[in-house]
Amino acid sequence: MKVAILSGSVYGTAEEVARHAAKLFRDAGFEAWHDPRATLAQIQAFAPEALLAVTSTTGMGELPDNVMPLYSTLRDQLPGFLRGLPGAVIGLGDASYGDTFCAGGEQMRELFGELGVGEVLPMLRLDASESVTPETDAEPWLAELIDALRR
């Protein structure tokens with residue numbers, strides 16, 4: 001199965017989690033593709049069979065700048081080739097920010113819903129105030145996602 005991994009990162013943490021996820025997918029026999037500056041054309045050329053978004057939250061609950069062009073394009077065009085694909089989201093944030101905790105991940109979840117991407121697992125929320133190794137903390141959830149995609 002081909003999995004496209006989209007990432008939005010300010011300081012690189014979400015990108016590290018995305019790279020680690022790609023490695024875990026490859027180790028499990030999947031074909032994983034990740035580009036932190038992915039374009040719609042690149043995603044379409046890869047022809048994914050599943051999607052994973054990994055994003056941090058910035059400012060007052062916004063998505064990071066590096067993923068905004070892709071997010072806007074996907075939202076404006078709602079490309080049909082993504083409809084019906086399985087997908088999941090990992091949101092990174094800091095719970096001390098209250099209402100905006102993992103708001104970037106929530107925006108990606110909403111976008112996946114608009115695109116018709118089916119949520120395989122509830123969004124994983126990684127809290128920077130509790131974790132110093134988010135890529136490791138994501139492993140049990142990613143193992144569960146891998147198992148779910150195999151079914």
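Refer to the structure printed above.
Remember, it's a predicted structure, so these values are computed and weren't measured experimentally. (Residues numbered from 1 in each chain as written. Predicted model: local features only at pLDDT ≥ 70, side-chain atom pairs only at ≥ 80, totals over all residues. Heavy atoms only, no water.)

Draft legend 1. View of the side chain of His20. Considering the arrangement of structural elements, one finds His20 in helix 1 (residues 13–27). A distance of 2.6 Å separates a polar atom in the side chain of His20 from a polar atom in the side chain of Glu139. Not counting the four nearest positions on each side in its chain, His20 is found in contact with Glu135 and Glu139. (Helix = DSSP H or I, 4+ residues; strand = E, 2+ residues; numbered from the N terminus. Polar contact = N/O pair within 3.5 Å; in protein donor to acceptor, adjacent residues only side chain to side chain. Contact = heavy atoms within 4.5 Å.)

Draft legend 2. Structural view of the layout of surface pockets. There is about 460 Å³ of room inside the largest pocket. Along the walls of the largest pocket sit 23 residues, with Ser56, Thr57, Gly93, Asp94 and Ala128 positioned nearest its centre. Listed by contribution, the elements that provide at least two residues to the lining of the largest pocket are helix 1, strand 4 (86–93) and strand 6 (124–127). The class makeup of the residues in the lining of the largest pocket is 11 nonpolar, 10 polar and 2 charged. (1 Å grid on protein atoms, 1.4 Å probe; cavity = no way out; pocket = protein on both sides within 12 Å on 5 of 7 lines; lining within 4 Å. Points joined across faces, edges and corners; volume = space filled by probe spheres on them. Nonpolar A, V, L, I, M, F, W, Y, C, P; charged D, E, K, R; others polar.)

Draft legend 3. Structural detail: empty space enclosed by the protein. By the definition in use, this model includes 1 cavity of 30 Å³ or more. For the largest cavity, the calculated volume is near 40 Å³. Taken together, Leu6, Ser7, Asp35, Pro36, Arg37, Ala38, Asn66, Val67 and Leu70 form the lining of the largest cavity. Partitioned by chemical class, the residues of the lining of the largest cavity number 5 nonpolar, 2 polar and 2 charged.

Draft legend 4. Expanded view of the packing of aromatic side chains. Taken as a whole, this structure holds 2 aromatic pairs when the rule is applied. Consider the rings of Phe25 and Phe30, whose centres lie 5.3 Å apart with planes at 75 degrees: the pair is edge-to-face. Across the pair, exposure class does not vary: Phe25 and Phe30 are buried alike. Considering the side-chain rings of Trp33 and Phe46, the 5.8 Å spacing of their centres and the 25 degrees angle between planes classify their relative orientation as stacked. Of this pair, Trp33 sits in strand 2 (residues 31–34) while Phe46 is found in helix 2 (residues 40–46), placing the two residues 13 residues apart along the sequence. The same class applies to Trp33 as to Phe46, namely buried. Taking NZ or CZ as reference, Lys2 lies 4.8 Å from the ring centre of Phe46, over its face. (Phe/Tyr/Trp six-rings, centres within 6.5 Å; stacked < 30°, edge-to-face > 60°. Buried < 20%, exposed > 50% of the residue type's maximum accessible area, 1.4 Å probe, protein only. Lys NZ or Arg CZ within 6 Å of the ring centre and 35° of its normal.)

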